[in-house]
Amino acid sequence: MWSGQAPFKEGSQQLQKQPAVGQWKPLASPSGGKELPQLDPRCREAGGGDDDQSTAQLNVSRLRSSSVEIREKGSEFLKEELHRAQKELKLKDEECERLSKVREQLEQELEELTASLFEEAHKMVRDANTKQAASEKQLREARGKIDMLQAEVTALKTLVITSTPSSPNRELHPQLQSPSKAVFRKGHGRNKSASSAVVTATSQSLPSESVSNECREVDSILFAEFQAWRDSPTLEKSCSFLERIYREDVGPCLDFTKQELSELVREAVEQNTLTIEPAATQALPVVKVSAMECGGPNGFRSQIVTKCALSGLSRACKHRIKLGDSGNYYYISPSCRARITAVCNFFTYVRYIQQGLVRQDVELMYWEIMRLRREMSMAKLGFYPSAM
């Protein structure tokens with residue numbers, strides 16, 4: 001309750017006990033000059049208290065309603081803001097997930113691209129190394145052919161110059177020699193297996209009188225195989241011509257007791273990388289089959305009693321062989337040397353035909369092939385000249 005109610009009660013009780021005595025003041029009034037009685041100030045104060053109380057209550061109710069309204073509006077605003085923030089957060093999460101997938105895809109593509117680039121680079125390096133090795137091999141072969149041809153030209157010039165009517169050169173005129181010497185003087189007389197072609201090239205110009213004392217007849221099957229090979233010459237073993245020669249002549253001629261070394265010798269002969277040279281001049285002690293000496297050619301032949309690396313027998317080894325670019329040497333007996341030389345002479349002549357260096361009639365080339373096959377067969381059977 002308001003504080004103005006207590007004076008109002010007290011004043012009303014006094015008015016009931018005592019008569020009210022009012023004092024009237026003359027006031028000019030527009031209603032005829034009558035004066036209105038003045039109310040007691042306490043009565044006016046009591047009436048003003050009720051108005052203030054109702055006003056205060058109204059204000060409180062208004063404040064309460066406004067605060068509830070403000071709270072509801074604030075709650076709605078906050079809910080809207082929360083919903084909007086959640087939607088934005090969801091959109092950002094989706095965007096982050098999409099960007100993450102894009103990043104993973106880009107990383108995977110980058111890894112694949114890097115791997116493919118490295119693989120391509122390695123492939124290019126391998127191809128370059130392969131081409132370089134092939135080029136170096138071709139260069140070595142070309143240089144070897146040049147050296148071989150230069151040696152042949154020099155040898156032929158020497159043979160031609162030293163041959164005169166009064167003193168003919170017996171190498172150019174084998175019909176002047178005895179039949180036994182004519183057969184065995186065409187052996188392997190140089191270091192490289194390919195260099196034996198000097199004698200073979202000379203024999204290409206020999207007339208047929210060198211074997212005029214022999215009767216011969218062309219075998220139709222062998223001649224047909226040779227003609228088929230001559231049309232498209234190759235060194236592949238798959239053709240019938242070379243397959244027969246490998247089976248009947250080359251294989252048996254190079255079939256030695258030491259099988260492993262025999263295979264290496266056969267590969268070196270086929271690849272034209274075999275070297276035969278005279279043994280050292282100084283006497284060497286007897287060594288095992290696996291004994292090897294490193295070094296180059298050094299002097300004349302000498303009687304070196306040691307074990308032959310191919311046959312395993314103790315023989316006077318006047319020569320030694322080297323396979324490829326290796327520095328290992330193997331001492332061989334004269335019989336083994338004759339067998340290797342016969343095969344080298346055959347391969348040299350076949351290579352000349354393949355390279356187009358032999359310009360003869362087909363039948364003459366066929367008979368030269370037969371002669372070389374006969375040399376391989378004789379060497380396989382153990383016949384070789386004493387000069388070896």
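Residues numbered from 1 in each chain as written. Predicted model: local features only at pLDDT ≥ 70, side-chain atom pairs only at ≥ 80, totals over all residues. Heavy atoms only, no water.

- Taking an unreviewed UniProt entry as the reference, the chain is identified by name as RAB3A interacting protein like 1 belonging to Chelydra serpentina.
- Per UniProt, the chain has the following entry under Sequence similarities (unreviewed entry): "Belongs to the SEC2 family." (UniProt positions renumbered as here; feature names shortened; annotations may be inferred.)

## Brief notes about the side chain of E225
Then, in step 1: When you line up the elements, E225 lands in helix α5 (residues 220-231).
Then, in step 2: Classification of E225 by relative accessible area gives buried; the value is 15%.
Then, in step 3: Polar side-chain contacts of E225 include one of 2.9 Å to the side chain of R244.
Then, in step 4: In this structure, E225 is in contact with S240, F241 and R244, ignoring residues within four places of it in sequence. (Helix = DSSP H or I, 4+ residues; strand = E, 2+ residues; numbered from the N terminus. Buried < 20%, exposed > 50% of the residue type's maximum accessible area, 1.4 Å probe, protein only. Polar contact = N/O pair within 3.5 Å; in protein donor to acceptor, adjacent residues only side chain to side chain. Contact = heavy atoms within 4.5 Å.)

## Some remarks on unusual backbone geometry
Then, in step 1: Its identity is not glycine, yet N272 carries a phi of approximately 60°, on the positive side.
Then, in step 2: As for its placement among the helices and strands, N272 is situated in the loop between α7 (259-270) and β1 (274-278).

## Regarding the nonpolar core
Then, in step 1: If you look at the biggest cluster of nonpolar residues, it comprises 50 residues, and the most contacted ones within it are V250, L274, L310, I321, I340, F346 and I369.
Then, in step 2: Of all the secondary structure elements, the ones that give two or more residues to this core are α5, α6 (240-253), α7, β1, β4 (319-323), β5 (329-332), α8 (334-354) and α9 (362-380).
Then, in step 3: Here this core takes 11 residues from α8, the largest share from any one element. (Core = buried A, V, L, I, M, F, W, Y, C linked by side-chain atoms within 4.5 Å.)

## Observations regarding the pairing of β1
Then, in step 1: By the criterion of burial, β1 is predominantly enclosed, with 4 of the 5 residues buried.
Then, in step 2: Bridge count for β1 against β4 is 5 bridges, and the pairing is antiparallel. Looking at the pairing, L274 lines up with L323 of β4. (Pairing = 2+ DSSP bridges.)

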